[in-house]
Amino acid sequence: MAEVPPFKIEEVPAELVFEIEHTFKASAEQLFRAFTEKDLLVQWFGPEGWSVPAESAEVDPRVGGVWKFTMVNDDPSMTSPSNAVFATLEPNKLIEGIETMPAADGEEPGYLYMRIEFKEEGDKTHLKITQGPLPTEYHEPGAQGWTSSFNKLQALVSEI
């Protein structure tokens, strides 16, 4: 189990906070499982044209547990690793994770905070993702990537 740094998304300047929301035809439990169970996560995470090889993923859904994987593009020379720890887990309600960002030589590593909120609304669930600090130039590509990922996630949760 990894040491969990303090979760400080509230301290991130507003212009560096990225938010996206989506409503799924699924229960909060189905969505929560899709984020916290390795066998499900690797089936949907990443936008169209990207995948997560199962051998790259490690998910230990407990506070301090790892949440890491590598997204691989259809052009395998393009990869995007994620190395995070769970900071908060409230089943079917809330996930908070902290990703350690690589540091330049001689610098301290940075952190990217992510909060995922699940709110059931009848037979649907409203999902809100908040990430930061994320420079503003990454907000639009982030929205496109998450929207594409949500299409894959909806298809998966329709089957579980």
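Conventions we followed
Residues numbered from 1 in each chain as written. Predicted model: local features only at pLDDT ≥ 70, side-chain atom pairs only at ≥ 80, totals over all residues. Heavy atoms only, no water. Core = buried A, V, L, I, M, F, W, Y, C linked by side-chain atoms within 4.5 Å. Buried < 20%, exposed > 50% of the residue type's maximum accessible area, 1.4 Å probe, protein only. Helix = DSSP H or I, 4+ residues; strand = E, 2+ residues; numbered from the N terminus. Axes fitted to C-alpha atoms, helices over the stretch in contact; angles between N-to-C directions. Left-handed = near helix turned anticlockwise from the far one by under 90°. Contact = heavy atoms within 4.5 Å. Nonpolar A, V, L, I, M, F, W, Y, C, P; charged D, E, K, R; others polar. Salt bridge = Lys/Arg side-chain N within 4 Å of Asp/Glu carboxyl O.

**Student:** Is there a simple way to think about the nonpolar core in this case?
**Tutor:** Buried together is how nonpolar side chains tend to be arranged in soluble globular proteins. Counting 36 residues, the largest nonpolar core has Phe-35, Trp-67 and Trp-146 as its most contacted members. Of all elements in the fold, only β1 (18–24), α1 (28–36), α2 (38–44), β4 (66–73), β5 (79–90), β7 (110–121), β8 (124–132) and α3 (139–157) reach the threshold of two or more residues within this core.

**Student:** I would appreciate a short explanation of the packing of α1 against α3 in the present structure.
**Tutor:** α3 packs onto α1 with a crossing angle of 115° between their chain directions and a minimal axis gap of 11 Å. For α1 against α3, the interelement crossing comes out right-handed. Within the contact between the two elements, α1 uses Gln-30, Leu-31, Ala-34 and Phe-35 and α3 uses Trp-146, Leu-153, Leu-156 and Val-157. For the contact of α1 with α3, the residue count by class is seven nonpolar, one polar and no charged.

**Student:** Would you take a moment to explain the pattern of salt bridges for this structure?
**Tutor:** Where side chains of opposite charge bring their charged atoms close, a pairing between them can arise. Counted under the stated rule, the structure contains five salt bridges. Salt-bridge contacts for Arg-33 lead to Glu-37; the nearest nitrogen and oxygen are separated by 2.9 Å. For Arg-33, a relative accessible area of 28% translates into the label partly exposed. A salt bridge links Arg-62 to Asp-60; the shortest N-O distance between them is 2.8 Å. Salt bridges here are not isolated pairs; linked through shared partners, they connect Glu-10, Glu-96 and Arg-115.

**Student:** I keep staring at the environment of Gly-49 and nothing clicks. Help me out?
**Tutor:** Along the polypeptide, Gly-49 turns up in the loop between α2 and β2 (50–51). With 21 residues separating them in the primary sequence, Gly-49 and Ala-28 have C-alpha atoms 26 Å apart. Excluding residues that lie within four positions of it along the chain, Gly-49 makes contacts with Val-72, Asn-73 and Asp-74.

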